[in-house]
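Each chain, letter by letter, is given below.
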Amino acid sequence: MDLFAEYMKEREGCETLVTEDGFLTAKVIQEDDNNIFFINDFFVAESVRKKRSSAIKLFNQAKNTAKKLGCIKMRGLISIDTLNATESLKANLYYGYKVIAAHENIIYVEIEL
């Protein structure tokens with residue numbers, strides 16, 4: 001994972017958060033003078049996905065990191081063209097995200113911190 005994290009930092013300016021069962025990539029973006037923690041990728045191993053505890057651990061790590069970076073919201077997107085798009089949207093809604101916009105094949109979600 002170290003090379004992937006280095007690659008994402010260099011290419012996209014993303015931080016990579018890692019747990020034993022998953023990872024996410026995210027970066028802070030500015031909007032109206034506010035910091036928003038934009039999650040690019042969120043992955044939990046299929047073998048533990050249904051338990052939700054691994055995803056909750058990663059979600060909480062993201063929330064704590066976002067708060068430390070002075071973010072007031074977390075935001076992400078779901079592409080309806082990807083495998084498991086419905087499950088991804090359901091998971092985001094389960095964790096409290098709200099749909100804020102949709103454009104063509106992309107659904108944007110956001111949660112206040």
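In what follows, the structure referred to is the one given above.
Remember, it's a predicted structure, so these values are computed and weren't measured experimentally. (Residues numbered from 1 in each chain as written. Predicted model: local features only at pLDDT ≥ 70, side-chain atom pairs only at ≥ 80, totals over all residues. Heavy atoms only, no water.)

(A) Spatial organisation of the side chain of Arg 75. By the secondary structure assignment, Arg 75 is in strand 4 (residues 71-79). You can call Arg 75 buried: its relative accessible area is 9%. Setting aside chain neighbours within four positions, we find Arg 75 in contact with Ile 29, Glu 31, Ile 36, Phe 37, Phe 38, Ile 39, Tyr 97, Ile 100, Val 109 and Glu 110. (Helix = DSSP H or I, 4+ residues; strand = E, 2+ residues; numbered from the N terminus. Buried < 20%, exposed > 50% of the residue type's maximum accessible area, 1.4 Å probe, protein only. Contact = heavy atoms within 4.5 Å.)

(B) Fine view of the packing of aromatic side chains. Here the structure, examined in full by the defined rule, presents 5 aromatic pairs. For the pair Phe 4 and Phe 23, a centre-to-centre distance of 5.5 Å together with 70 degrees between the ring planes defines the contact as edge-to-face. Placement of the pair is Phe 4 in helix 1 (residues 2-12) and Phe 23 in strand 2 (residues 22-31), with a sequence separation of 19 residues. Note on Phe 23: relative accessible area 16%, which makes it buried. (Phe/Tyr/Trp six-rings, centres within 6.5 Å; stacked < 30°, edge-to-face > 60°.)

(C) Main features of the side chain of Glu 110. Tracing the sequence through the fold places Glu 110 in strand 6 (residues 106-112). With relative accessibility at 11%, the residue Glu 110 sits in the buried group. A polar contact is formed between the side chain of Glu 110 and the side chain of Lys 73, at a distance of 3.4 Å. Looking at Glu 110, its side chain comes within polar contact range of the side chain of Arg 75, at 2.4 Å. Residues in contact with Glu 110, not counting those within four places in the same chain, are Lys 73, Met 74, Arg 75, Gly 96, Tyr 97, Lys 98 and Ile 100. (Polar contact = N/O pair within 3.5 Å; in protein donor to acceptor, adjacent residues only side chain to side chain.)

Keep in mind these numbers describe shape, not what the thing actually does.
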